[in-house]
Amino acid sequence: MDAVPKDCWYFLVLVISLPFLKVSEQVRASGSSVWLQDGMVLDCLCPWTGKLSMVSWIKQPDKELLAIYHPEYGAHFAKMYDGRVEFLKASPMDGSISIRNVTDKDVGLYSCSLQAFPEGSWTKDTLVEKQVISATTSIHPDSELTVSENDNLTLRCLHVRNDPVNGVTMERLKVREGGDVRGQVLAVCSVHQGSVELREFVSRGSVTCSDTANVSLHLHPVSQEDGGMYRCHISTNNDSYASTILLTVFPSRGWRLFSVGLNLFVLIRCCVVLNLTKLHKSKLFRLSLNTRPMIVNTRLMIVKSLSLWYIPSVPSIIWQDITARLGNINTVLVL
């Protein structure tokens, strides 16, 4: 029996595997993003141990085949990627690739699927985008939101232009050492043949994608760790643009009321001291100006100790506010 030609083998693998991948249960890793640049690396490093069966790369939303790798039969690349894509194979379970001679057409969402025995299928998405924020300049948000801890919040990526939308990506921006800005992909909503497809990679909260490809991130409730910069990257037929949102999270209303009450207490105490100083000139009272560091520290220790006795988890921001308020008192009554 004649050997099956290599091209036919790749075709059979593709025909058999893609329908299976579509309906089978897969383990999906958190998505990532990289800037469009020559020699960029699209990571597909599976954390499992086992035997690698096959690695395949496709580009969304058309599910365009990019490359296939088999440990025995080698690698096969689509025509437009042949000579530009290389499998790195840094470890037995590494399906990462590098792409050179890049163009603007290489911007988009890529999906890696790694088949392993006996674990099964492991997938990961990588967003390739043009760098719209310089690493040497500060980030200026287009809008700002301020909420209290434990409140409910919805962040929305809304496209306002009339061009047909291909996809919307929501990211959380993080500044690394040296000022380099990187985005952690939270969700991708892509439009394909009149329908929308949502891919979410959030560790908390939930994501929705409307029929018009508007992405919303729901945080119920909001925590201190949710604060930071978020970016919406919107791709249309003619252009792509981004908008940023700065989210600031304050301590919960209970802590804010506690702080306000403490401020009022300090103000009233100061007024009483001043009035008693003016009314009483006996030997039992004497006025000491600007000799209060030790007394202020003692008061702060007493207040903090009592508060920790009743409220074990007072945030550090409250103590900073207490110290600042006590520091504004320049007259102290000494008995």
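The rules behind each value
Residues numbered from 1 in each chain as written. Predicted model: local features only at pLDDT ≥ 70, side-chain atom pairs only at ≥ 80, totals over all residues. Heavy atoms only, no water. UniProt positions renumbered as here; feature names shortened; annotations may be inferred. Phe/Tyr/Trp six-rings, centres within 6.5 Å; stacked < 30°, edge-to-face > 60°. Helix = DSSP H or I, 4+ residues; strand = E, 2+ residues; numbered from the N terminus. Buried < 20%, exposed > 50% of the residue type's maximum accessible area, 1.4 Å probe, protein only. Core = buried A, V, L, I, M, F, W, Y, C linked by side-chain atoms within 4.5 Å. Contact = heavy atoms within 4.5 Å. 1 Å grid on protein atoms, 1.4 Å probe; cavity = no way out; pocket = protein on both sides within 12 Å on 5 of 7 lines; lining within 4 Å. Points joined across faces, edges and corners; volume = space filled by probe spheres on them. Nonpolar A, V, L, I, M, F, W, Y, C, P; charged D, E, K, R; others polar. Pairing = 2+ DSSP bridges. Axes fitted to C-alpha atoms, helices over the stretch in contact; angles between N-to-C directions.

The chain carries the name Ig-like domain-containing protein in an unreviewed UniProt entry, which gives Electrophorus electricus as its organism. What UniProt records for the chain under Subunit (unreviewed entry) is the sentence "Cis- and trans-homodimer. Can form trans-heterodimers." The record held by UniProt for the chain lists under Sequence similarities (unreviewed entry) the comment "Belongs to the nectin family."

For the rest of this paragraph, the subject is the packing of aromatic side chains. Inspection of every chain in the model, using the stated rule, returns 2 aromatic pairs. Plain terms: the ring middles of Y69 and F87 are 5.4 Å apart, the flat faces sit at 40° to each other, and that makes the pair tilted. Of this pair, Y69 sits in strand β5 (residues 64-70) while F87 sits in strand β7 (residues 85-87); the two residues are 18 residues apart in sequence, bridging distant segments of the chain. Taken individually, Y69 and F87 each receive the classification buried, so the pair is uniform in this respect. Seen from their ring centres, F77 and F87 are 5.9 Å apart, and the 35° between their planes marks the pair as tilted. Residue F77 is located in strand β6 (residues 74-77), and its partner F87 is located in strand β7; the two are separated by 10 residues in the primary sequence. A residue is classified by how much of its surface remains accessible, and F77, at 18% relative accessible area, is buried. Through a chain of ring-to-ring contacts, three or more aromatic side chains come together here, namely Y69, F77 and F87.

In this section: the nonpolar core. Of all hydrophobic cores here, the largest spans 27 residues; its most connected members are L42 and W57. Of all elements in the fold, only β3 (40-42), β4 (51-59), β5, β7, β8 (97-99), β9 (108-117) and β10 (120-129) reach the threshold of two or more residues within this core. The leading source of residues in this core is β9, at 4 residues. Once residues lying within four places of it in the same chain are set aside, the contact partners of L42 are V34, W57, S96, I97, I99, Y110, T126 and V128. Judged by nonpolar contacts, the second largest core, of 25 residues, contains V147, L219, I234 and I245.

Taken as a whole, the largest pocket spans an internal volume of roughly 590 Å³. As for the largest pocket, its lining consists of 27 residues, and the residues nearest its centre are V107, G108, L109, N166 and S235. Contributions of two or more residues to the lining of the largest pocket are made by β9, β10, β13 (165-175), β14 (181-192) and β18 (228-236). Counting residues per element, the lining of the largest pocket draws most heavily on β13, at 4 residues. Residues belonging to the lining of the largest pocket are distributed by class as follows: 8 nonpolar, 11 polar and 8 charged.

Moving on to the sheet that holds strand β17 (residues 215-219). Pairing between the strands of a sheet is mediated by backbone hydrogen bonds and can be parallel or antiparallel. Judged by pairing direction, the sheet is antiparallel, and its 3 strands sit side by side in the order β12-β17-β16 without closing on themselves. Edge strands, defined here as strands with exactly one partner in the open sheet, are β12 (153-157) and β16 (206-209). Each strand of the sheet is rotated relative to its neighbour by a mean of 20°, with strand direction disregarded. Both β12 and β17 contribute to a ladder of 5 bridges, which runs antiparallel. In the strand pairing of β17, T154 is matched with H218.

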